[in-house]
Amino acid sequence: MWMLGPIGFTAPLLLIGLIALPILWFILRAVPPAPIRRRFPGVVLLLGLTDEKTETDRTPWWLLLLRMTAIATFIIAFAGPVLNPEERKAGTNPLLILFDASWADADDWARRIDRATTLLNEATREGRTVAIIRLTDTPTEIAFQSANAWAGRLAALTPNPWLPTTATTWATKLPKSDFDSFWLSDGLDHPNRSALFDELSKHGTVTVFTSPRPILALHPATFDDGTIQLSASRLPADDPLEVEVIARGPDPSGIDRELARATLSFNLGTARTEVTLSLPPELRNRINRFELAGIRSAGAISLTDDSLKRRKIALIGGRDGREGLLLLSPTHYLRQALEPVADLIEGSLTDTLLANPNVVILADVAKLTQTEQDAILDWLDKGGMLLRFAGPSLATSDISRSTEDPLLPVRLREGGHTVSGAMSWGEPKTLAPFPETSPFHGFPVPEDVTVSTQVLSQPDPDLASRTIAALTDGTPLVTRKTVGQGQVVLFHVTANAEWSTLPLSGLFVQMLERLAISTRPATPDTADLAKQTWIAETLIDAYDQKTDTTTSASIAGETLATALNAGPGPDVRPGLYAGLDHRVALNAVNAKTILTPATWPTGTTIEGLDTAQEKALKGSFLTAGLLMLLLDIIAALAFSGRLPRLARSATILLIFLMLPPQARAQDEADDTAIRASKAVTLAYVITSDTQLDDIAKAGLTGLSERLRERTSVEPKPPVGVNIETDELAFFPFLYWPISTSQPLPSVEAYTRLNDYLRTGGMILFDTRDADLTRTGGTSSEGEHLQKIAAGLDIPALEPLPQDHVLTRSFYLLQDFPGRYSGATLWVEAASPYSKQVEGMPFRNLNDGVTPVVIGSNDWAAAWAINTKGEPMFPVGRGLTGERQREMANRFGINLIMHVLTGNYKSDQVHVPALLERLGQ
Amino acid sequence: MTAIFDLRADAETLGQSLPPLLAEAESLTSTIILGEHGRRRAGQGDEFWQYRPAHTGDSARMIDWRRSARSDTTFVREREWQATQSVTLWVDTSRAMSFASKGTTKADRARLLALATAVLLLRGGERVGLSGYDMPPRSGKAQLLSLTQALTTLNTDVDYGTPDTTGINDHGRCLFLSDFLGDLTGVEKALAHASDHGAKGVLMQVLDPTEEQFPFNGRTIFESMRGSLSHETLRASDLRARYLDRLAERKDRLQTLTRAVGWHFTTHNTGEAPLPALLCLFHAIEGGR
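Novice: Explain the overall build of chain A here, please?
Specialist: Counting its secondary structure elements, chain A contains 27 helices and 42 strands. Residues counted as buried form 34% of the 920 residues belonging to chain A. Counting only contacts in chain A whose residues sit at least 6 apart along the sequence, the fraction spanning at least 24 positions is 75%.

Next up, the structure:
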């Protein structure tokens with residue numbers, strides 16, 4: 001390719017043609033414009049007259065120049081000019097394309113795929129075979145295939161939410177033959193990366209591609225001194241940067257919301273920064289993830305597990321008569337053990353129960369009033385845990401002697417049992433090893449723990465199964481039974497060191513931990529994790545989206561422990577894993593992760609994403625040449641005096657074209673406003689799919705027609721609204737068919753949509769996929785709707801209840817088919833306090849029109865009519881189908897009635913009462 | 001036939017607004033057929049002219065006894081000599097006349113004017129004929145019909161026409177309608193022939209607006225209507241002044257020619273309304289006061 005500045009030519013020899021231009025100049029100059037023939041009787045008077053000026057038979061110079069330029073443009077165009085041409089490497093070797101494909105790639109994955117597509121196209125042209133590998137995959141044999149074979153697969157490639165660790169294995173899998181490599185690096189240094197690079201450069205040239213985009217990683221949150229510590233790393237560490245970190249979790253109604261937000265500030269040149277977040281326990285316990293705002297990458301998300309959760313424990317001691325004897329206080333050791341790891345609530349039992357504690361500890365409390373007992377039983381049924389310690393008062397009381405007390409796991413014998421002491425024979429007893437069925441199984445039994453006094457249980461048939469810890473002679477020490485969803489645990493000794501040395505030992509704290517009373521340490525150690533099977537509750541992909549967990553197998557605790565240290569991999573994917581009684585989060589980035597930039601040997605070709613794009617200019621040149629020829633036509637006409645009328649019309653046309661479009665846009669907006677507000681106008685959201693828009697329009701036209709026929713609503717023809725630009729306030733109702741090709745609304749559009757929803761507008765979302773999703777599962781439209789709706793202020797939803805006002809706002813309906821039927825219709829959830837009054841057919845639901853209705857029955861297709869008023873699409877089959885279409889129309893009418901009249905029909909329930917009050 | 005009636009209807013409409021055209025009768029002696037208007041001399045006719053004393057040679061039948069009874073001498077009642085004028089029309093039917101830049105062609109306008117004049121003349125009792133077509137001057141409605149038919153059907157396939165003087169009556173009147181763009185020698189001959197016969201008349205030059213303005217520019221080849229003549233110019237606008245000069249010169253020449261034989265010359269532009277032209281013709285045939 002021959003280069004001229006930034007422009008290259010594919011066929012530079014054609015440029016020689018430019019030499020011919022001067023010759024052309026002379027030829028063109030000599031040729032006068034073609035004459036016009038005119039019939040004219042006066043010719044007889046002209047005979048013999050000669051032209052005075054002879055040079056006017058030549059074309060004027062400016063016209064010549066125009067023609068010459070046009071021809072020069074054509075010559076240049078056919079010489080194939082290319083702006084910023086890429087030097088084509090005429091490689092013939094196979095091409096190996098390597099993706100790091102880690103979470104660090106995810107943010108600009110599309111651009112990497114674009115680059116790889118370009119490579120594939122080039123390879124297709126050059127007939128090279130290609131292999132594409134992701135270094136994060138488990139290494140397999142590399143097979144070179146034709147570039148076409150890869151084209152389809154390339155688009156489906158996605159990054160993995162972990163870092164490549166298997167570079168050495170890949171190095172051994174490389175083919176023996178020579179090949180060139182193209183490495184799309186994520187910019188991070190990985191173990192053995194340089195070794196693999198060396199191996200690759202032995203086979204051929206290696207080109208590296210890196211993205212200039214900074215990489216941000218969020219480390220797992222830690223809990224320290226009552227505050228949450230958040231830290232993030234970045235690469236490269238250059239300019240100051242501020243990143244928002246968002247804490248998300250379910251709100252009281254279970255909807256995922258942003259709970260808190262903090263700003264992480266990177267100073268100039270710092271790679272890691274921290275921020276402290278202080279949240280009330282209620283809020284903090286809800287957090288299930290932290291994420292960096294605006295970054296779609298698994299590295300920018302940190303799932304939280306139990307390490308953040310602090311349990312609320314109600315600590316209730318018995319009589320506290322011996323004032324000042326702190327070490328003898330029944331709750332002292334408990335307080336010492338629990339205070340660092342849990343939130344303690346102290347007070348009366350009824351008061352503390354209102355705070356809904358996770359655990360209630362009764363230390364030597366024997367008698368409870370009936371009210372207290374009922375309250376505790378209710379609370380236990382909902383999953384509470386009651387932990388009781390024995391003591392003198394329990395031993396001397398008479399509860400659970402003849403019959404089992406509901407708040408004690410076993411029946412007790414009369415009187416305490418003193419095993420050792422001044423007046424007894426026996427030695428203090430030690431603990432027996434914990435049986436496998438016990439939650440304490442695996443804890444070493446310290447020799448120095450002795451029990452001198454305890455309460456004894458009555459031998460009952462289920463005593464053995466309720467015992468979770470016993471003394472060496474088999475006397476039950478800790479017993480447990482379940483009540484409802486909760487459980488009652490009784491330590492048969494006191495919580496202080498009066499009866500045993502257990503509270504003084506480390507085992508006591510461990511036992512409490514195991515009983516999930518306190519939190520476990522921030523980083524679980526291998527011992528904690530081992531011997532358990534962990535099941536993924538949530539798995540995330542490299543884009544930090546949740547993925548299907550049903551396909552993942554459970555993993556062993558040891559594997560998980562390794563992954564927690566070394567980072568996730570193909571075997572252990574990042575996510576939230578649940579064990580027996582608590583959960584562990586495995587994040588793509590752990591606390592120890594350090595972002596190291598990849599360094600490449602000198603002399604390596606390194607491409608950035610921002611290379612100048614190659615741009616062929618042939619088309620532009622040809623267009624310019626044609627335009628010049630058009631000008632030439634006009635000029636030639638003008639020159640030969642045949643343009644008077646043409647010129648006039650052209651001028652008028654030009655003036656029209658130059659009319660300020662702003663004014664027209666303004667007028668249009670006003671027109672739309674006037675049209676839309678003159679009468680009820682149904683509107684649909686314009687997606688980028690023209691066909692879909694046409695169907696939506698036809699559908700609303702059909703619905704408007706039905707409304708006019710059957711109701712007193714007489715809508716104007718429907719209009720399409722562009723949510724980015726149009727004013728929505730004029731429309732009571734928006735139909736929004738979901739198309740995957742529709743881009744997400746901008747921030748302004750979201751603001752406008754939220755205003756619209758808040759001020760009484762209604763949007764009917766239609767994913768049109770009931771035929772696919774009826775049997776469960778979701779479609780790409782459904783996912784797209786989730787993305788769109790994420791930014792919308794949509795209240796809690798519920799499947800349309802049987803007594804919703806939509807079922808009777810005009811017709812009485814129980815199902816709402818469109819072109820498909822049977823899919824669930826979602827509307828705003830009714831207030832949980834609404835109760836059905838005896839004798840009324842439905843609940844008293846009076847407030848508000850649901851701002852959204854979400855369904856997938858493709859209503860527009862069922863409503864759609866063509867210009868002749870005939871249905872556009874078949875619905876169902878035969879008469880049943882027609883019935884379904886009728887039902888679809890009725891649903892449409894009900895919906896519009898609901899939009900326009902609100903809950904008027906619901907209010908009708910008050911009519912009898914009103915009439916009564918009027919005295920009739 | 002509809003074309004005929006159209007032309008006639010147009011002509012009738014145009015002629016209605018004028019009083020009957022009374023052609024001046026100069027030579028009373030040459031025509032003996034009585035017309036409706038007196039020659040201000042005693043002679044044959046219906047209108048009373050004067051009483052004169054009878055003298056020898058007057059037959060007794062000629063004496064007006066009622067007048068004679070009122071006096072001692074005898075009187076003869078003389079009647080005014082009334083005679084009709086014969087007018088011969090010539091309308092150029094050459095191809096050049098069929099030119100029109102827009103709207104009416106010169107030929108259409110010439111025919112209309114000719115026939116309108118004929119209508120007026122016939123209504124005044126004159127005799128009208130068409131030269132060269134075996135249509136001697138006659139009076140009456142029938143003549144008007146045949147005139148109309150002749151005018152609408154005639155066509156000659158030459159570029160420029162020459163006046164035809166066959167059938168011109170001695171001391172009659174003539175009306176020549178043409179663009180007079182052809183060779184002027186034919187016109188000269190015709191005028192000489194006509195004045196030899198003591199005929200007087202009017203030459204009306206009918207021209208198209210473009211022929212009077214020459215609004216052309218650019219490279220143009222001008223051709224006559226049959227294509228026998230052509231002229232190419234590279235810049236027509238340059239020729240305008242000289243063309244207009246030549247046209248004016250030709251009009252001058254026609255003026256001179258007509259004046260020499262005591263005829264009238266007038267021009268008419270098809271872009272203008274026909275009525276003023278008809279008035280002009282009316283005055284000219286009346287005697288050119």
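After that view, the rundown keeps rolling.
Novice: Looking at this model, I keep getting lost on the interface of chain B and chain A. Mind explaining?
Specialist: When the parts of a complex come together, some accessible area is lost, and that lost area is often taken as the interface size. Contact residues are listed per partner, giving 27 residues for chain B and 23 residues for chain A. Of all the elements in the fold, those that place two or more residues in the side of chain B that touches chain A are strand 9 (220–223), strand 10 (230–233) and helix 7 (236–260) of chain B. Per element, the largest residue contribution to the side of chain B that touches chain A is 6 residues, and it comes from helix 7 of chain B. Residues that form the side of chain B that touches chain A fall into these classes: 11 nonpolar, 7 polar and 9 charged. With 4 bridges connecting them, strand 3 (residues 36–39) of chain A and strand 9 of chain B associate as parallel partners. Note on strand 9 of chain B: the bridge partner recorded for Arg38 of chain A is Phe222 of chain B.

Novice: Can you walk me through the packing of helix 3 (residues 106–123) of chain B against helix 4 (residues 141–153) of chain B in this structure?
Specialist: Packed helices, taken two at a time, are described by their axes: the angle between them and the distance between them. Residues and elements named next belong to chain B. At a closest axis distance of 11 Å, the pairing of helix 3 and helix 4 adopts a crossing angle of 175°. With respect to their mutual orientation, helix 3 and helix 4 come out roughly antiparallel. In contact with Arg111, Ala114, Leu115, Ala118, Val119 and Leu122 of helix 3, helix 4 contributes Gln143, Leu144, Leu147, Thr148 and Leu151. Across the contact of helix 3 with helix 4, the residue classes break down as 8 nonpolar, 2 polar and 1 charged.

Novice: Can you help me understand the sheet that holds strand 6 (residues 129–134) of chain A in this one?
Specialist: Each strand in a sheet pairs with another by means of backbone hydrogen bonds, the pair being arranged parallel or else antiparallel. Residues and elements named next belong to chain A. A sheet is described by the order of its strands in space; here 6 strands give the open sequence 7-6-5-8-9-34, paired in mixed fashion. Each end of this open sheet is capped by a strand with a single partner; those strands are strand 7 (145–146) and strand 34 (605–607). Pairing between strand 8 (residues 180–184) and strand 9 (residues 206–209): 4 bridges, direction parallel. Looking at the pairing, Phe182 lines up with Thr207 of strand 9. Here helix 4 (residues 109–126) sits on the sheet in contact with strand 5 (95–99), strand 6, strand 8 and strand 9, set at roughly 175° to strand 5.

Novice: Would you explain the sheet that holds strand 6 (residues 135–138) of chain B in this entry?
Specialist: Residues and elements named next belong to chain B. Strand order in this open sheet of 6 strands is 6-5-4-7-8-11, and the pairing throughout is mixed. The sheet is open, and its two borders are formed by strand 6 and strand 11 (264–269), each paired with just one other strand. Across the sheet, the mean angle from the axis of one strand to that of its neighbour is 20°, orientation sign disregarded. Note that strand 4 (residues 86–91) and strand 5 (residues 127–130) share 4 bridges and pair parallel. From the neighbouring strand, Val87 faces strand 5, where its bridge partner is Val128.

Novice: Just checking my understanding: could you explain the nonpolar core for this structure?
Specialist: Most often, soluble globular proteins keep nonpolar side chains buried together rather than apart. With 64 residues, the main nonpolar core has Leu113, Ala114, Leu115, Ala118 and Leu175 of chain B as its most contacted residues. Ranked by the residues each element gives to this core, the list is headed by helix 3 of chain B, at 12 residues. Setting aside residues no more than four positions away along its own chain, Leu115 of chain B makes contact with Leu7, Arg8, Ala11, Leu147, Thr148 and Leu151 of chain B. One finds Ala676, Phe731, Val827 and Trp859 of chain A within the second-largest nonpolar core, a separate group that totals 54 residues.

Novice: What should I look at first to understand the packing of helix 4 of chain A against helix 5 (residues 147–156) of chain A in this one?
Specialist: Residue and element names in this part refer to chain A. Here helix 4 crosses helix 5 at 165°, and the two axes come no closer than 9 Å. Comparing the axis directions of helix 4 and helix 5 gives the class roughly antiparallel. Helix 4 and helix 5 meet at a crossing whose hand is left-handed. Only Ala147, Asn148, Trp150, Ala151, Leu154 and Ala155 of helix 5 make contact with helix 4, whose side of the interface consists of Ile113, Ala116, Thr117, Leu120, Ala123 and Thr124. Considering only residue class, the contact of helix 4 with helix 5 consists of 9 nonpolar, 3 polar and no charged.

Novice: What exactly am I supposed to notice about the pairing of strand 28 (residues 486–491) of chain A here?
Specialist: Look at any regular strand and the pattern is simple: side chains alternate between the two faces of the sheet. Residues and elements named next belong to chain A. Of the strand pairs in this sheet, strand 21 (residues 385–389) and strand 28 are connected by 5 bridges, and their pairing is parallel. By the bridge assignment, Phe389 is partnered in strand 28 with Phe491. Inspection of the sheet shows strand 27 (residues 476–483) paired to strand 28 by 6 bridges, in the antiparallel sense. Across the sheet, Val483 pairs through a bridge with Gly486, a residue of strand 28. Once strand 27 ends, the chain turns through 2 residues before running back antiparallel as strand 28, passing Gly484 with a positive phi of about 60°.

Novice: Explanation requested: the environment of Thr258 of chain B in the structure shown.
Specialist: Residue and element names in this part refer to chain B. Along the chain, Thr258 falls in helix 7. Under the C-beta neighbour-count criterion, Thr258 is labelled partly exposed, with 19 such atoms within 10 Å. A sequence separation of 70 residues divides Thr258 from Glu188, and the C-alpha atoms of the two residues are 8.8 Å apart. If near-sequence neighbours (up to four positions away) are discounted, Thr258 is found in contact with Leu203, Trp263, His264 and Phe265.

Novice: Honestly, the environment of Ser178 of chain B in this entry has me stumped. Any pointers?
Specialist: Residues and elements named next belong to chain B. Along the chain, Ser178 turns up in strand 7 (residues 173–178). Residue class for Ser178 comes out buried when judged on the 26 C-beta atoms lying within 10 Å of it. Taking C-alpha positions, Ser178 is 8.3 Å from Lys106, a pair spaced 72 residues apart along the chain. Those residues in contact with Ser178, other than ones at most four positions away along the chain, are Asp92, Gly161, Gln205 and Val206.

Novice: Sorry if this is basic, but what is going on with the pairing of strand 6 of chain A here?
Specialist: Residue and element names in this part refer to chain A. A one-sided burial pattern is seen for strand 6, the buried positions being Val130, Ile132 and Arg134 and the unburied ones Thr129, Ala131 and Ile133. Judged from the 5 bridges that link them, strand 5 and strand 6 form a sheet pairing that is parallel. Each residue of the ladder has a partner; that of Phe99, found in strand 6, is Arg134. For the crossover that starts at strand 5, traverses helix 4 and ends in the parallel strand 6, the hand is right-handed. Across 2 bridges, the pairing between strand 6 and strand 7 is antiparallel. By the bridge assignment, Thr129 is partnered in strand 7 with Ser146.

Here is what the cut-offs are and how they apply
- Residues numbered from 1 in each chain as written.
- Chains lettered and ligands numbered in written order.
- Predicted model: local features only at pLDDT ≥ 70, side-chain atom pairs only at ≥ 80, totals over all residues.
- Helix = DSSP H or I, 4+ residues; strand = E, 2+ residues; numbered from the N terminus.
- Buried ≥ 20, exposed ≤ 12 C-beta atoms within 10 Å, placed from the backbone.
- Contact = placed C-beta atoms within 7 Å.
- Nonpolar A, V, L, I, M, F, W, Y, C, P; charged D, E, K, R; others polar.
- Pairing = 2+ DSSP bridges.
- Axes fitted to C-alpha atoms, helices over the stretch in contact; angles between N-to-C directions.
- Parallel < 35°, antiparallel > 145°, perpendicular 65-115°, else oblique.
- Core = buried A, V, L, I, M, F, W, Y, C linked by C-beta atoms within 7 Å.
- Left-handed = near helix turned anticlockwise from the far one by under 90°.
- Right-handed = clockwise from strand over helix to strand, strands pointing away.

Worth remembering: the numbers are spatial, not functional.
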